[in-house]
Amino acid sequence: MTTITENNKRIAKNTLLLYFRMLLMIVINLYTSRVILQVLGVEDFGINNVVGGIITMLGFLTGSLAGASSRYITYDLGKGNMMIMKKTFGNILSIHLLLSVITIIIGETIGLWFMTTQLQIPDSRETAAFWVYQFSIVSFVLSVISVPYTASIIAHEKMSAFAYISIADAVLKLAIVYLLLVIPYDKLIVYAALFCCIQIFDRIIYSIYCRKHFEETRGGLSFDRKLFKEIFTFAGWTMNGSLAVIGYTQGINVLLNIFFGPAVNAARGIAVQVQNVTRQFCTNFQMALNPQLTKSYAIGNYSNMHQLLRVSSKFSFYLMLLISLPLMLEAPLILKWWLGVVPEHSVSFLRLILCVGIMLALSNPLIVSVQATGNLKKFQLIEGSMLLSIVPIAYILLKLFHIPPEYVFIIHLIIEICTQYARVRIVLPLINMPLRDYAVNVFIPIIKVCALSSIVPLCTYYYLNENILSFLIVCCVAICSVLTITYFIGCTKSEQLFVKNKLTFVLQKMNIMRI
């Protein structure tokens with residue numbers, strides 16, 4: 001009981017730290033995005049989004065190996081054998097250095113060919129696009145090398161360090177905005193170069209912190225054929241899922257560029273930035289729980305794992321709905337205030353992408369759970385194949401039926417819903433969790449909360465005229481509606497009691513401070 005209580009306290013502390021980090025980063029990112037769009041202009045902003053995204057398409061490699069790194073480091077930490085941990089980290093570091101070399105080779109051959117021959121880039125901006133691409137390669141390689149270190153920080157649940165380093169990263173990005181305004185050179189090239197410098201800073205800080213605090217990171221590179229094969233096999237099966245992620249992010253980005261041009265890429269880039277901010281609300285919550293999911297499986301504590309899965313799935317959905325509902329309703333006004341000049345399609349893109357983000361909140365707990373088991377073959381074949389189908393389906397409809405760009409995101413949403421059902425049917429038997437348990441304690445509550453909490457805000461939005469007062473009213477009504485329905489319908493009796501106790505504790509603290 002004591003261990004469970006300590007774990008819960010650690011999860012709560014880490015969640016609060018990550019939310020503090022997130023709130024600061026939201027303010028900085030919203031401001032920098034507005035200024036960068038104004039400084040670069042819609043065309044250069046779109047070019048940076050699509051050109052920088054080409055090398056990011058290799059993220060299917062890093063995503064799969066990052067998942068493997070996190071799983072093996074966290075699993076070994078749960079077992080508590082330092083010698084095994086050192087060997088695991090050394091092998092993972094060697095794998096990522098090898099991946100960096102592969103990234104450079106692919107990036108400077110196939111990737112460079114694709115960028116120069118297939119994308120719609122104005123002749124006057126080809127040189128700038130080339131340098132953006134080169135800096136993107138360097139930035140990507142540095143982020144690859146940092147993966148084992150960030151995985152160690154998360155596995156040890158040292159979220160304070162992760163939060164502080166991320167905050168420093170956000171502050172440096174804020175400095176980029178000022179430098180863009182004063183440096184008298186090509187703004188797009190300068191932006192890419194400065195962003196690359198931040199990646200260098202992150203790489204150095206992560207390495208220094210981990211070597212100082214975590215013993216397993218102090219050794220050098222190592223090679224164990226059996227462990228190499230095991231990690232690569234694990235990563236290989238996760239690659240389908242990572243390919244799918246790249247497919248519906250950068251793949252869609254490329255399709256939109258080919259069929260509609262850079263202006264539509266800019267609209268999508270804006271919508272994705274807002275989605276990324278909203279997803280941080282559930283990502284931070286999940287990041288605090290994920291190590292405990294893997295550790296619970298490692299020691300065979302299935303009941304605790306099931307409870308963590310239920311809590312992570314349900315409350316991640318609620319958090320995304322709480323943030324996304326007012327944003328979806330007031331998207332036109334929010335984008336107008338934020339950007340000044342709103343690129344065409346931005347509002348519809350944002351609303352659809354936020355719907356996808358709400359669904360995606362349910363996927364992470366299941367993915368972490370199946371990774372903990374190490375039994376990935378069936379899961380990744382089915383999930384990866386379903387998600388990879390987004391790009392070819394979208395391409396066929398764009399090519400043959402000339403559908404509007406919004407339909408691409410509708411296709412994504414439909415396939416994501418189908419894929420989530422497949423995840424549930426595959427993962428639950430692997431962790432000995434009954435399907436009825438998930439349906440009763442996760443699926444039914446979130447459907448009720450989503451349906452009931454949307455009624456009053458929707459009626460309020462359509463009844464009122466668009467102005468500052470109506471904006472405030474709609475946002476307040478949406479937030480209060482989601483919170484109220486979540487508490488009375490989406491929470492169990494024990495969860496309601498937990499909320500009451502926490503609110504009572506906070507109010508008592510506030511009264512003591514006043515006295």
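Note that the structure is a prediction, hence the values are computed from the model and not measured.

(A) Layout of the overall build of the chain. If you tally the helices and strands in the chain, you get 18 helices and 0 strands. Sequence-distant contacts in the chain: of pairs separated by 6 or more residues, those separated by 24 or more amount to 84%. With an accessible surface of roughly 23400 Å², the chain has 68% of that area assigned to carbon and sulfur atoms.

(B) A look at a nonpolar patch on the surface. On the surface, a nonpolar cluster with roughly 450 Å² of combined accessible area is contributed by L452, I455, V456, F488 and I489. Of all the elements in the fold, those that place two or more residues in the nonpolar patch are α16 (435–463) and α17 (468–490). Within the element layout of this structure, F488 appears in helix α17. Judged by relative accessible area, which is 58%, F488 ranks as exposed.

(C) Structural context of the packing of aromatic side chains. This model, assessed by the stated rule, comprises 13 aromatic pairs. Both rings, one in W131 and one in F135, keep their centres 6.3 Å apart while their planes meet at 40 degrees; by these two values the pair is tilted. Here F135 and W131 lie together in helix α4 (residues 126–155), a separation of 4 residues that amounts to about one turn. Since its relative accessible area comes to 39%, W131 is described here as partly exposed. Take F135: its relative accessible area is 23%, and that puts it in the partly exposed class. Arranged with centres 6.5 Å apart and planes meeting at 40 degrees, the rings of Y191 and F195 form a pair that is tilted. Linking Y191 with F195, this pair stays in helix α6 (residues 187–213), spanning 4 residues, or about one helical turn. Residue classification places F195 among the partly exposed residues on the basis of a relative accessible area of 29%.

(D) Layout of the packing of helix α3 (residues 82–117) against α4. Contact geometry of α3 with α4 gives a least axis separation of 10 Å together with a crossing angle of 165 degrees. When the axes of α3 and α4 are compared, the pair comes out roughly antiparallel. As α3 packs across α4, the resulting crossing turns out to be right-handed. For the contact of α3 with α4, the per-class residue count stands at 19 nonpolar, 7 polar and 1 charged.

(E) View of unusual backbone geometry. The backbone of H345 sits at a positive phi, close to 80 degrees, despite the residue not being glycine. Mapped onto the elements of the fold, H345 is located in the loop between α10 (331–339) and α11 (346–360). In this structure, H402 takes a positive phi of about 55 degrees despite not being glycine. Within the element layout of this structure, H402 appears in the loop between α14 (390–401) and α15 (406–430).

(F) Spotlight on the packing of α4 against α6. Running from N to C, α4 and α6 cross one another at 15 degrees; their axes reach a closest spacing of 9 Å. Classified by the interaxial angle, the pair formed by α4 and α6 is roughly parallel. Our pair here, α4 against α6, has a crossing hand that is left-handed. In terms of residue class, the contact of α4 with α6 is built from 19 nonpolar, 6 polar and 2 charged.

(G) View of helix α9 (residues 302–329). For α9, with 28 residues, the first-to-last C-alpha span of 40 Å sits near the 40 Å given by 1.5 Å per residue. Maximal helix bending in α9 amounts to about 25 degrees, located at I323; proline P326 follows within four positions. Counting buried positions along α9 gives 22 out of 28 residues, so the element sits mostly inside the fold.

(H) Looking closely at α16. Its 29 residues place the ends of α16 41 Å apart at the C-alpha level, agreeing with the 42 Å of an ideal helix rising 1.5 Å per residue. Taken as a whole, α16 carries its principal kink of about 30 degrees at I455; the proline P457 stands between one and four residues after it. Listing the buried residues of α16 in full gives D437, Y438, V442, P445, I446, V449, S453, S454, P457, T460 and Y461. The inward-facing, buried residues of α16 contact α9, α10, α11, α12 (363–373), α15 and α17.

(I) Focus on the nonpolar core. Residues V51 and M115 are the most contacted members of the largest nonpolar core, which totals 81 residues. Not counting residues within four places of it along the chain, the set of residues in contact with V51 comprises M115, L119, I121, A129, V132 and Y133. Among the nonpolar cores identified, the runner-up in size contains 51 residues, and F162, I165, L227 and L293 belong to it.

(J) Structural view of the environment of T150. Mapped onto the elements of the fold, T150 is located in helix α4. The spacing of T150 and C210 is 60 residues in sequence and 8.5 Å in space, taken between C-alpha atoms. Beyond its immediate sequence surroundings of up to four residues, T150 is in contact with F162 and Y206.

(K) Main features of the pattern of salt bridges. Summed over all chains, the structure comprises 6 salt bridges. Among the ionic pairs, D437 bridges to R310, the shortest N-O distance being 2.8 Å. Here R310 lies in helix α9 and D437 lies in helix α16, a separation of 127 residues in the sequence. Each member of the pair, D437 as well as R310, is classed as buried. A salt bridge links R423 to E383; the shortest N-O distance between them is 2.8 Å. On the criterion of sequence distance, the pair formed by R423 in helix α15 and E383 in helix α13 (residues 377–388) is long-range, its members being 40 residues apart. Connected through shared salt-bridge partners, E383, E416 and R423 make up one network.

Rules of the game
- Residues numbered from 1 in each chain as written.
- Predicted model: local features only at pLDDT ≥ 70, side-chain atom pairs only at ≥ 80, totals over all residues.
- Heavy atoms only, no water.
- Helix = DSSP H or I, 4+ residues; strand = E, 2+ residues; numbered from the N terminus.
- Contact = heavy atoms within 4.5 Å.
- Areas by Shrake-Rupley, 256 points an atom, 1.4 Å probe, with all protein chains shown as cover.
- Patch = residues over 30% accessible without salt bridge, like charges linked within 9 Å, V, L, I, M, F, W, Y side chains within 5 Å.
- Salt bridge = Lys/Arg side-chain N within 4 Å of Asp/Glu carboxyl O.
- Buried < 20%, exposed > 50% of the residue type's maximum accessible area, 1.4 Å probe, protein only.
- Phe/Tyr/Trp six-rings, centres within 6.5 Å; stacked < 30°, edge-to-face > 60°.
- Axes fitted to C-alpha atoms, helices over the stretch in contact; angles between N-to-C directions.
- Parallel < 35°, antiparallel > 145°, perpendicular 65-115°, else oblique.
- Left-handed = near helix turned anticlockwise from the far one by under 90°.
- Nonpolar A, V, L, I, M, F, W, Y, C, P; charged D, E, K, R; others polar.
- Expected span 1.5 Å × (residues − 1).
- Bend = angle between axes of the 7 residues up to and from the residue.
- Core = buried A, V, L, I, M, F, W, Y, C linked by side-chain atoms within 4.5 Å.

Limitation: the analysis is restricted to geometry and does not speak to function.
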